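Report on the structure
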2 protein chains.
Amino acid sequence: MPHVSDFQVREGFDRTKGSLSKQLAAQIRRQIEAGDMAPGDRIPATRQLAKDLGLSRGTVTTAVEILLAEGVLAARVGAGTFVASDASSSALLPSRKRAPKFEFVSRAIEPDIDQKTNSKVDFRPCRPSLETFPLNTWRRCVSQAASAVPDSDYGDPLGNVRLRDEVVSYLRRARGMQVDPDQIIITNGAVHAMYLLSNLCLDRGRSAVFEDPGYPLARQVFSRTGAEMLFAPIDENGMQLDRLDEARLPPGLVYVTPSHQFPVGSRLSLGRRAELVSWAEKHGALIVEDDYDGEFRFDVPPLTPLAAMAPHQVVYCGTFSKTMFPGLRIGFAVADKSIVNAMASLRGVAEYAPSEPLQLALSKFIGLGEYERHILRTRRLYAAKRNCVADLLHPQAKLTGLESGLSGLIELPATVSAAEISARLEGQEILIPDVKKYVVGEAKQRNALVCGYAEPTLKQIDQGLRAVNAELERF
Amino acid sequence: MPHVSDFQVREGFDRTKGSLSKQLAAQIRRQIEAGDMAPGDRIPATRQLAKDLGLSRGTVTTAVEILLAEGVLAARVGAGTFVASDASSSALLPSRKRAPKFEFVSRAIEPDIDQKTNSKVDFRPCRPSLETFPLNTWRRCVSQAASAVPDSDYGDPLGNVRLRDEVVSYLRRARGMQVDPDQIIITNGAVHAMYLLSNLCLDRGRSAVFEDPGYPLARQVFSRTGAEMLFAPIDENGMQLDRLDEARLPPGLVYVTPSHQFPVGSRLSLGRRAELVSWAEKHGALIVEDDYDGEFRFDVPPLTPLAAMAPHQVVYCGTFSKTMFPGLRIGFAVADKSIVNAMASLRGVAEYAPSEPLQLALSKFIGLGEYERHILRTRRLYAAKRNCVADLLHPQAKLTGLESGLSGLIELPATVSAAEISARLEGQEILIPDVKKYVVGEAKQRNALVCGYAEPTLKQIDQGLRAVNAELERF
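Quantities reported herein were computed from a predicted structural model and do not represent experimental measurements.

Residues and elements named next belong to chain B. The mixed open sheet is built from 8 strands, whose spatial order is β5-β12-β11-β10-β9-β6-β7-β8. Each edge of the open sheet carries a strand with a single partner, namely β5 (184–187) and β8 (238–239). As paired strands, strand β7 (residues 228–235) and β8 are joined by 2 bridges and run antiparallel to one another. Its bridge partner being in β8, D235 is matched across the sheet by G238. Docked against the sheet, helix α7 (residues 216–223) engages β6 (207–212), β7 and β9 (251–256), running at close to 155° with respect to β7. Lying over the sheet, helix α10 (residues 337–351) contacts β5, β10 (286–290), β11 (314–319) and β12 (331–334), oriented at roughly 35° with respect to β5.

All names here are of chain A. Look at the link from D212 to P213: it is a cis peptide, with omega at 0°. Secondary-structure assignment places P213 in the loop between β6 (207–212) and α7 (216–223). Despite not being glycine, E429 has its phi angle at roughly 60°, a positive value. On the secondary structure map, E429 appears in the loop between α13 (418–427) and β15 (430–431). Residue E429 is classed as partly exposed on the basis of its relative accessible area of 38%.

Right, let's get into the side chain of S259 of chain B. Summarising the element assignment, S259 of chain B is placed in the loop between β9 and α8 (270–283). Residues in contact with S259 of chain B, not counting those within four places in the same chain, are R175, S266, R267, R273, D291, G294 and S404 of chain B.

Moving on, we come to the packing of aromatic side chains. One pass over the full model with this rule turns up 36 aromatic pairs over all chains. Between the aromatic rings of F296 of chain A and Y382 of chain A, the centroid separation amounts to 5.2 Å while the plane-to-plane angle is 65°, which identifies the pairing as edge-to-face. Of this pair, F296 of chain A sits in the loop between β10 (286–290) and α9 (306–309) while Y382 of chain A sits in helix α12 (residues 370–392), placing them 86 residues apart in sequence. For F296 of chain A, a relative accessible area of 0% gives the class buried. Y382 of chain A gets classed as buried once you look at its relative accessible area, which sits at 0%. Taking 5.2 Å as the distance between ring centres and 75° as the angle between the ring planes, the aromatic pair formed by Y170 of chain B and Y371 of chain B counts as edge-to-face. With Y170 of chain B in helix α5 (residues 161–175) and Y371 of chain B in helix α12 (residues 370–392), the pair connects residues that are 201 residues apart, well separated along the chain.

With an RMSD of 0.3 Å, the fit of chain A onto chain B corresponds to turning through 180° and sliding 0.1 Å along the axis. The symmetry that links the two subunits is that of a two-fold axis. Within chain A, the C-alpha atom positioned nearest to the axis of rotation is that of S143 of chain A, 2.6 Å from it. Comparing interface residues between copies, 100% of those in chain A also lie at the interface in chain B; the contact surface is shared.

Membership of the largest hydrophobic core comes to 316 residues, with the highest contact counts inside it found for W138 of chain A together with W138 of chain B. Here W138 of chain A is in contact with F133, M324, F325, L328, L358, A361, L362 and F365 of chain A together with A146 of chain B, once residues within four sequence places are set aside.

Looking now at the packing of α13 of chain A against helix α14 (residues 458–474) of chain A. Residue and element names in this part refer to chain A. Put simply, α13 and α14 touch, their axes get as near as 10 Å, and they point 130° apart. One way to sum up the angle between α13 and α14 is to call them oblique. Relative to α14, α13 is oriented so that their crossing is right-handed. Contacts from I421, R424 and L425 of α13 reach α14 at A467, V468, E471, L472 and R474. In the contact of α13 with α14, the residues fall into 5 nonpolar, no polar and 3 charged.

Let us look at the sheet that holds strand β12 (residues 331–334) of chain A. Residue and element names in this part refer to chain A. Overall, mixed pairing links the 8 strands, which are arranged β5-β12-β11-β10-β9-β6-β7-β8 in an open sheet. The sheet terminates laterally at β5 (184–187) and β8 (238–239), the two strands that pair on one side only. With 6 bridges connecting them, β6 and strand β7 (residues 228–235) associate as parallel partners. By the bridge assignment, D212 is partnered in β7 with P233. Lying over the sheet, α7 contacts β6, β7 and β9 (251–256), oriented at roughly 155° with respect to β7. Contacts between helix α8 (residues 270–283) and the sheet are confined to β6, β7, β8, β9 and β10, with β9 contributing the most and set at about 160° to the helix.

Rules of the game
- All residue numbers refer to position in the chain's written sequence, counted from 1.
- Key to labels: chains lettered from A, ligands numbered from 1, both in the order written.
- Reporting in this predicted model follows two pLDDT cut-offs: at least 70 for local features of residues, and 80 or more for side-chain atom pairs to be given and counted; totals over whole chains, interfaces and linings ignore these cut-offs and use all residues.
- Water and hydrogen atoms were dropped before computing side-chain values, which therefore reflect all heavy atoms in the structure.
- In this scheme, strands are said to pair when DSSP sees at least two bridges between them.
- Under the scheme used here, helices are H or I runs from DSSP no shorter than 4 residues and strands are E runs no shorter than 2 residues, and both carry numbers assigned from the N terminus.
- Contacts are assigned to residue pairs that have any heavy atoms within 4.5 Å of one another.
- Interaxial angle, 0 to 180 degrees, is taken between N-to-C directions of lines fitted to C-alpha atoms, where a helix line uses only the stretch in contact.
- Relative accessibility under 20% of the residue-type maximum defines a buried residue, over 50% an exposed one, and the middle range a partly exposed one, all with a 1.4 Å probe and only protein chains included.
- When two rings of Phe, Tyr or Trp (its six-membered ring) have centres within 6.5 Å they constitute a pair, described as stacked for plane angles under 30 degrees, edge-to-face for angles over 60, and tilted for the intermediate range.
- C-alpha atoms of residues with pLDDT of at least 70 in both copies form the basis for the least-squares superposition of the copies.
- Working definition of a nonpolar core: buried Ala, Val, Leu, Ile, Met, Phe, Trp, Tyr and Cys residues. They are joined through side-chain atoms within 4.5 Å.
- These descriptions rest on fixed angle ranges, namely under 35 degrees for roughly parallel, over 145 for roughly antiparallel, 65 to 115 for roughly perpendicular, and the rest for oblique.
- The handedness criterion is simple: a crossing whose near helix is rotated anticlockwise from the far helix by less than a right angle is left-handed, and one whose near helix is rotated clockwise is right-handed.
- Ten residues, namely Ala, Val, Leu, Ile, Met, Phe, Trp, Tyr, Cys and Pro, are considered nonpolar, four, namely Asp, Glu, Lys and Arg, are considered charged, and the remaining ones, Gly among them, are considered polar.

This is the structure we're talking about:
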């Protein structure tokens, strides 16, 4: 049995380095690790130890308590305190090993997400302007939502019912959709809806139809399931449907941006809408309608969403990323109850439910009418910006896809390379992506720049377009 | 070619039923659908139509524009407006079909989530009290966070760097962990971290070790991957390790609640910690350390997290659900950079990034020291509640697992049935779950109630415990 002398201090105590009791515990731990004390060895009384070490009794008692709690020491009633029998010395200190390489079962794919930059002019698509955002009203809504004592519950995987109610009213007013709150799930943005749907509808035994060019992150969401990917080319009437039956495997879902094809900007014609719906009905495939910027139309009346034509076959995905701001990460999906419930179950085992406070703030904001007022304001602003792009653009280039949405396509003559122009402008800190960034297959022959005109100010648009024109002049 | 007479109104217009132009467009659509008008048929001039129908010219023009935009009608310059050649009649109106039954590729599992109730006393575990929540300070933080103009970016899949910095400082102060911000990912609660990890580490070719009894939602997160599940029984030293090698398939991860086993309440002894780490290192398995209520300790000093012992082998999952409130849906995971980055990539293709405004509010709240002050306040409150439970409980029953956390175990004598007591109390609107709710395998012989004492007020605890005791008296 070890005597008090066995606890000789080997290292000094340093009051500037934090708690003395932790320092003492660490020293005892190291002595056990070094084999200086063995399992079953008795520890001297704290009073004695304190005296020997010149520390207060409280300090020693706390150190012993730490080691008791850690299981390094064990107490037996009436017998004292001992080095625990399972105080194996091997791992008492942090492992100094190098990080092992874990073999993940899924290949990690780098998500195709636009990084934050400090560019001078940023024409990358899907970026709203915050110039006219009613910040004070929003802050008031957020503050009001944070005024109620939160409750002890974890929330509803479908989302807060007040926000779902507001979305129902909004869809009725703005999109002519008649839906119930239990047909709505609040998502963490539109991509989240696609992610949940991809997990429900796709695997290695199914195929998915995607647009080409199309939204890269959505393509990744679907392709990561291992599904066979079929790419449908885009023309001025939206997605071409003549090759839908070329997939080898049964189709699980079709992804489409019918109001404003991303990034080309065309609208899916009604004829094709009807054809797509009957094809999906025939094959039992779900249509995922991504209405990512459908709130913004300029010279044309609204098109009824696909979801209003075939409510049982379509999941309508909406987002507040463009109408509010992307960092809010709130969107919603509308679908048949069975589908919405399956999405909610999946979300439940992934994260329980969406965050409450911002859902409440957003429902207040919509309820006050501020949401639609803000959309009207930004629609006017974006129309002005769109006109600015159209007025300034060099006549050699052709601007298309401007009827709605937050971006258009600058189609270039064959003598000019979109890739080169995009790269040179990036050198000048002007970001305007080559459409080929969004292309997978045959659409590679497209020669165009994607011009998101919502976020840059009118002055930046002027600056940016002058730079684009100067590059066009070089050819 | 149809004449004006072909556009006879078949249904009346009703100004109380919304826009007249929409009603007219719907009627024209129906007539095309009924075959009364065929592709290529010419539409009369809007002026004429307005006169014939007794509507304003603007109304008619808007109706025609709607149908043009839908592609039902087509305009040819100088020739007028026609029924479009692809205005297939089949799907112009919402499908009246019954909802088809989609065959989802994954079996939908109903997540095991505690539903919101209006019970009189709620002893269900994992529910914090909001009695001492500093609502005004929190609202101020939220309001300040909402005062800055949001930006046009989508955020970082790792989470806001200011919040990660605050978590780093907090972990250093409170848990003795030395980590960098790039070892942290902000998650949508702790379950979200487990979900991401389960997708990285588990599939049908791997096994997972889980605690029995254990946290049901986490079990679902792991088992939904199809991994072989191995259930390790719990004793007073936490998870038993002697059967870890019984899995048929190579282990992907081990889930453990070392600070306060859920729901039994024991702490994993240091000996077992060391053994678990070496086992995981040997098999290349990740340890998922769920520190779901580690902030709350009462009579014992803190135990170093597993993650501090073996930083490369462990993912430490923390949550603000218990220290703040569950509806916040913010948690974090700490791990080796390679693991955190793989988690971020996966989250990127699922939802881009977490919501910005609440991350900012929470980082302010922590930065002000309010978070730790609130933890101290609730720790005192919970200690009082715990003592209240211990004082009131019938001597026939034994209270264990109270050294830390927000819940304890009421172990019952063999003559008394936990299931019956729990059911009878539910009839009195007193929720106190039978431990078997959390049990999978052999732990079925346990006869105990799980008593979450954090959320109920002292008065409710008094009321609830009296009811528990009355039931105990009946046996």
